[in-house]
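The primary structure of each chain is shown beneath.
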Amino acid sequence: MPCLDEAKTVATCVRKAIEACQAAGIEAEVLVADNGSSDGSPELARAAGARVIQVEEKGYGAALRAGIEAARGRYVVMGDADDSYEFQDVPRFLSRLRAGDELVMGSRFRGVIHPGAMPFLHRFLGNPVLTWTLNLFFGAGITDAHCGMRGFSREAIRSLSLRSPGMEFASEMVIRAAQEKLRIGEVPTSLRPDGRGRRPHLRTWRDGWRHLRFMLLFSPWWLFAVPGLAAMTLGLALTIAVGVTEVEIFGRVLHTHFALLGSALAILGLQVTILGIFAKTVFVLDGIGSSPGVERVLAGYRLELALLAGAAAVVAGLGIDGRILWFWIRSHGGQLEEAITRLAIMGGTLLALGVEVIFSAFFLSILKASRERRWA
């Protein structure tokens, strides 16, 4: 149990956990990771039967990491010390762990959320949206990503090298478990109103954004590549369509400024996509995260093939611009038609995209070689 000034509830939580384990015949200890309480919480926890460790580094994640390191058991069940979680459910978690799950999440949405236990925004917006996003990005397949009560194999969780000192630790645990293909289970649990009678440590908007930001930073594909590829595809389609044919929407013809818009979208989209490729490469090569797909791409990466792709775009762009130059020379330097101008935009766009691909290919080769040399 992470603890910070929980004098009103920590002893109750410790007793409930001990009683639940004894009733189920589970050999266990209750460990309280105190994060600098000044209200006597450590003494109350010891008196109730807990082993207490002091954690100097501040933060929810720091307290949990220290507690996991100090724990003596094969399995660990974590839960807040505010008397909101049902420690009587500990046997449920242990049963799933003994059956082979490596991380067992509690689900308040599959259990009972008592009146007043969860704020409206958390229940109907924050938790569902963040859980849906986490499942979309990482494929965890759970219904309550931020339940503070969960059980896990101590060895499996330690192998994830979790780092977050703050509230993001809860998301990091699930994200890394999903990335490393740990077996993730879920059991219903209940949530009661906070028993401390004071404002909780959690801040709705601040901590919600911190969790979302953390998920985005751990998923370069969704942060960079998905919007980048979408913008590039739309931009190229718009530029080429306006450049080679007459496009009408609601009876209005799309003119040069739409070709310029498409060009900007295509160039920016490719830049963002390349940033995503670089970020994902760093994640994999530095061991921050894993991705079998990226690992296969890196293993088969050939600079020459990427250079050929970039060169093809450059040649296509130069070919279009060369043809326009020929028209201009034949017209003795006269003003070109708008259709020719739109073609020039398409040619310039292909030229810019090709140059980006060529230099990015060299950078990716340097990045890959530098990491491989470090490992050698």
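All figures in this text were calculated on a predicted structure; none of them were measured in a lab. (Residues numbered from 1 in each chain as written. Predicted model: local features only at pLDDT ≥ 70, side-chain atom pairs only at ≥ 80, totals over all residues. Heavy atoms only, no water.)

(A) Local environment of helix H10 (residues 256-285). Here H10 contains 30 residues, and its C-alpha end-to-end distance of 44 Å stays within 8% of the 44 Å for a straight helix at 1.5 Å per residue. Positioned one or two residues after H10, Gly 287 has a phi angle of 75 degrees, which is positive. (Helix = DSSP H or I, 4+ residues; strand = E, 2+ residues; numbered from the N terminus. Expected span 1.5 Å × (residues − 1).)

(B) Broad picture of the nonpolar core. Residues Leu 134, Phe 138, Phe 152 and Met 173 are the most contacted members of the largest nonpolar core, which totals 37 residues. Sequence-distant contacts of Phe 138, defined by excluding residues within four places in its chain, comprise Ile 175, Ala 178, Gln 179, Met 215, Phe 218 and Ser 219. Met 1, Val 32, Ala 45 and Ala 48 belong to the second-largest nonpolar core, a separate cluster that totals 30 residues. (Core = buried A, V, L, I, M, F, W, Y, C linked by side-chain atoms within 4.5 Å. Buried < 20%, exposed > 50% of the residue type's maximum accessible area, 1.4 Å probe, protein only. Contact = heavy atoms within 4.5 Å.)

(C) How the structure looks around the sheet that holds strand E6 (residues 150-153). Pairing within the open sheet is mixed, and its four strands lie in the order E4-E6-E5-E7. Of all strands in the sheet, those bounded by a partner on one side alone are strand E4 (75-78) and strand E7 (184-191). Each strand axis lies, on average, 25 degrees off the axis of its neighbour in the sheet, ignoring direction. As judged from the seven bridges shared by strand E5 (residues 103-113) and E7, these two strands associate in the parallel manner. (Pairing = 2+ DSSP bridges. Axes fitted to C-alpha atoms, helices over the stretch in contact; angles between N-to-C directions.)

(D) Broad picture of the pairing of E6. The two faces of E6 match: Arg 150 and Phe 152 on one face and Gly 151 and Ser 153 on the other face are all buried. Looking at chain direction, E4 and E6 are connected through four bridges and run antiparallel. When the sheet's bridge partners are listed, Val 76 is paired in E6 with Phe 152. Where E5 and E6 come together, three bridges link them in antiparallel fashion.

(E) Here's a closer look at the environment of Met 1. As for its position among the elements, Met 1 is in the segment before strand E1 (2-3). Judged by its relative accessible area of 12%, Met 1 is buried. The sequence separation of Met 1 and Asp 80 amounts to 79 residues, and the corresponding C-alpha distance is 5.5 Å. Those residues in contact with Met 1 that lie beyond four places of it in its chain are Cys 13, Val 14, Ala 17, Val 30, Leu 31, Val 32, Ala 33, Gly 79, Ala 81 and Phe 87.

(F) Representation of the pattern of salt bridges within the structure. The final tally for this structure, using the stated rule, is 14 salt bridges. For the salt bridge of Arg 65 with Glu 57, the shortest nitrogen-to-oxygen distance reads 3.4 Å. Since its relative accessible area comes to 22%, Arg 65 is described here as partly exposed. You can call Glu 57 partly exposed: its relative accessible area is 42%. (Salt bridge = Lys/Arg side-chain N within 4 Å of Asp/Glu carboxyl O.)

(G) Quick peek at the side chain of Glu 86. Assignment of secondary structure puts Glu 86 in the loop between E4 and helix H4 (90-98). Residue classification places Glu 86 among the buried positions, given a relative accessible area of 12%. Contact partners of Glu 86, with chain neighbours within four places excluded, come to Met 149, Thr 189, Ser 190 and Arg 192.

(H) Representation of the side chain of Glu 356 within the structure. Among the secondary structure elements, Glu 356 is positioned in helix H13 (residues 338-375). According to the relative accessible area criterion, Glu 356 is buried, its value standing at 15%. Aside from chain neighbours lying at most four places away, what touches Glu 356 is Ile 267, Leu 270, Gln 271 and Ile 274.

(I) Just helix H8 (residues 204-217), in detail. For H8, with 14 residues, the first-to-last C-alpha span of 20 Å sits near the 20 Å given by 1.5 Å per residue. All of the buried residues along H8 are Asp 207, His 211, Phe 214, Met 215 and Leu 216. Of the surrounding elements, those touching the buried residues of H8 are helix H5 (120-138), helix H7 (169-179) and helix H9 (220-244).

(J) Looking closely at the sheet that holds strand E2 (residues 31-34). Taken together, three strands build an open sheet; the order of strands is E1-E2-E3 and the sheet is parallel. The open sheet terminates on both sides in strands that have one partner only, identified here as E1 and strand E3 (51-54). Here E2 runs beside E3; their pairing, made up of four bridges, is parallel. Residue pairing for E3: Leu 31 is matched across the bridge by Arg 51.

(K) Geometry of a nonpolar patch on the surface. A contiguous nonpolar surface patch, about 680 Å² in accessible area, is contributed by Phe 120, Leu 121, Phe 124, Leu 125, Val 129 and Trp 205. With five residues, H5 is the largest single contributor of residues to the nonpolar patch. Mapping Trp 205 onto the fold places it in helix H8. Accessibility expressed as a relative area gives 64% for Trp 205, which makes it exposed. (Patch = residues over 30% accessible without salt bridge, like charges linked within 9 Å, V, L, I, M, F, W, Y side chains within 5 Å. Areas by Shrake-Rupley, 256 points an atom, 1.4 Å probe, with all protein chains shown as cover.)

(L) A look at the environment of Ser 107. Note that Ser 107 resides in strand E5. Considered as a pair, Ser 107 and Thr 189 are 82 residues apart in the sequence and their alpha carbons are 5.6 Å apart. For Ser 107, the residues in contact, after removing those within four places along its chain, are Thr 143, Asp 144, Cys 147, Glu 186, Val 187, Pro 188 and Thr 189. A polar atom in the side chain of Ser 107 sits 3.2 Å from the backbone nitrogen of Arg 110. (Polar contact = N/O pair within 3.5 Å; in protein donor to acceptor, adjacent residues only side chain to side chain.)

(M) Summary view of the packing of aromatic side chains. This model, assessed by the stated rule, comprises six aromatic pairs. On the basis of an interplanar angle of 85 degrees and a centroid distance of 5.6 Å, the ring pair of Phe 218 and Phe 283 is categorised as edge-to-face. Here the residue Phe 218 occupies a position in the loop between H8 and H9, and Phe 283 occupies one in helix H10, the gap between them amounting to 65 residues. Classification of Phe 218 by relative accessible area gives buried; the value is 10%. Judged by relative accessible area, Phe 283 falls into the buried class, the value being 13%. One aromatic cluster in this structure is built from Phe 137, Phe 138 and Trp 222. (Phe/Tyr/Trp six-rings, centres within 6.5 Å; stacked < 30°, edge-to-face > 60°.)

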